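# Structural overview for review
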Amino acid sequence: MRPVSNLPVLRPEVRGLETLPEPPPRPGDGHLRDWALAPLPLVEEGARRAREGGGDLFRLRLGLPAVVGFSPAWNRRLLGDLQTFRSAGSFSRVVPYLSGGVILTDAPDHGPRRQVVNPGFGRRHLEGLRVRVRAALLPVPAGEFDALAWADRAVLRLLNAAYFGGEFDPGLLHAFLAPLRLPFPLPTVPRPLLFARVNAELRRLAHQRLTRGGDDLLALLAPLPGGLEETRVSLAAAHDTTTHALAWAVWHLAVHPDWHAPGHHPAVLKETLRLFPPGWMGSRRLARDLTWEGVRLPRGTLALYSPYLSARDPGLWQSPDAFRPCRWQAPPPAWAYLPFGGGERVCLGLHLAHLLILEALAALPPLTPVRGDPTPRPGVTLGPTGPLIVRRSGE
Ligand code: HEM
């Protein structure tokens, strides 16, 4: 076939990753220091610069090529294209607590794995655990108390009830999960002796379920291949996420008492998770080169999506920084509200987290804020700086 004209064919220009906007780097360590010490201002500035240039992606220098996207289109692609965006090599890899089970399984094995573990965490099975969860609720103390410390203890008890019928040694459960809430890099430190004790306790309880039966989460997970690892890893994924969400929700109910009624709690929880998503940044690695909006992202790039940035994008939300549960009368913008992730890898414990948090909120008396620091402090998950001191209203 003859060319129609002699004019050269114009191909859209593909730029390199280094042409993406970035927050100001520091000489010597790029963004590593700010990422460790104050990541929220860092990524907010990156997003601002990306938006200013009309884009939805910015880069970070974290010792390897890294990009952060926050538009619905980016979120949808990252969460939907499991062949390109892989979990192996993501941040979960460096936290021994989260480095295993379904969290680190990639396509094509991930889907079948989820199908096996999903039923225990489905609404139907969880409904059967509701009475047990209610019985394990921790009453609020008399006088002033720290809602963050209270939520930590309450969630431990609730998880113990749902997973183990309350039979897991509470001291060991606390010792196991407490390091997850410590500042970096402490959650990344391997703790082989502690993990061995936890595994032994899991085996003891699993043996009881396998010989005598049961209906708690362990009873469903124990017979599965790798079921004890899924139990341990999902407990770790459950604990500080649910603790932080509950603590912030309690604080918001104390500050906005008009919203403290069971009928309003689902909207309060949604709004709390929009403003303060414990899973504030999700990570993947690119398994192959990808061209995104004219930029070539090489294989091996760390690809991040941010439920925090997407849920505060002024182009998508009205008054994004305001606490307004009434906004939930309408559906959120598609792929912009992702406190539990999305797609095939959506949080395994989404229904469990709702059950535990909404049951805990329903049992709370009216509260008054005393003093506190709810500003977010990132660690493995985003949590309130605390303390969050509240007391029963009228006391
Ligand atoms: C409010 C509480 C919770 C929040 C905000 C939360 C948030 C998230 C998010 C954002 C993801 C997706 C991560 C990604 O895409 O990289 C995720 C995944 C996951 N969550 Fe949760 N989570 C919560 C509670 C729980 C609970 C109670 C469990 C207990 C089962 C749990 C277990 C998991 C697991 C196992 C995954 C990995 C799923 C997969 O890769 O297939 N989470 N969670």
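By convention here, each chain's residues receive numbers from 1 onward along its written sequence. Side-chain atom pairs in this predicted model are given and counted only at pLDDT of 80 or more, local residue features only at pLDDT of at least 70, and totals for whole chains, interfaces and linings cover all residues.

Labelled according to an unreviewed UniProt entry, the protein appears under the name Cytochrome P450, originating from Deinococcus aetherius.

## Details of the overall build of the protein
Short version of the rule: Only runs of H or I of at least four residues qualify as helices and only runs of E of at least two qualify as strands under DSSP, and these elements are numbered from the N terminus. Each radius of gyration is computed over the set of C-alpha atoms, and the globule rule expresses the reference value as 2.2 Å times the number of residues to the power 0.38. Exposed residues have 12 or fewer other C-beta atoms within 10 Å of their own C-beta, buried residues have 20 or more, and partly exposed residues fall in between, where C-beta atoms are placed from the backbone. Two residues qualify as being in contact provided that their C-beta atoms, derived from the backbone, are within 7 Å of each other.
Each helix and strand counted, the protein has 14 helices and 13 strands in total. In terms of overall size, the protein behaves like a compact globule, its C-alpha atoms giving a radius of gyration of 22 Å where 395 residues would be expected to give roughly 21 Å. Here the protein, with 395 residues, has 41% of them falling under the buried criterion. Once local pairs closer than 6 in sequence are excluded, the contacts in the protein between residues at least 24 apart make up 71%.

## Some remarks on the sheet that holds strand E5 (residues 145-146)
In plain terms, the rule: One bridge is not enough; two strands pair if DSSP finds at least two bridges between them.
With antiparallel pairing, the three strands of this open sheet are ordered in space as E5-E13-E10. Both edges of this open sheet fall to E5 and strand E10 (367-372), since each of them pairs with a single strand only. Across five bridges, E10 lies against strand E13 (residues 388-392) in antiparallel orientation. Residue pairing for E13: Pro369 is matched across the bridge by Val390.

## Examining the site of the ligand
Our working rule: Nearness rests on one distance test: the residue's C-beta atom, set from the backbone, must lie within 6 Å of the molecule or strand. Nonpolar residues are Ala, Val, Leu, Ile, Met, Phe, Trp, Tyr, Cys and Pro. Charged residues are Asp, Glu, Lys and Arg, and all others, Gly as well, are polar.
Near the ligand you find 24 residues, and of these Ala238, Gly279, Gly341, Cys347 and Gly349 are the closest. Those elements giving two or more residues to the shell around the ligand turn out to be helix H11 (227-255) and helix H14 (350-362). Counting residues per element, the shell around the ligand draws most heavily on H11, which supplies six residues. In the shell around the ligand, the residues fall into 15 nonpolar, seven polar and two charged.

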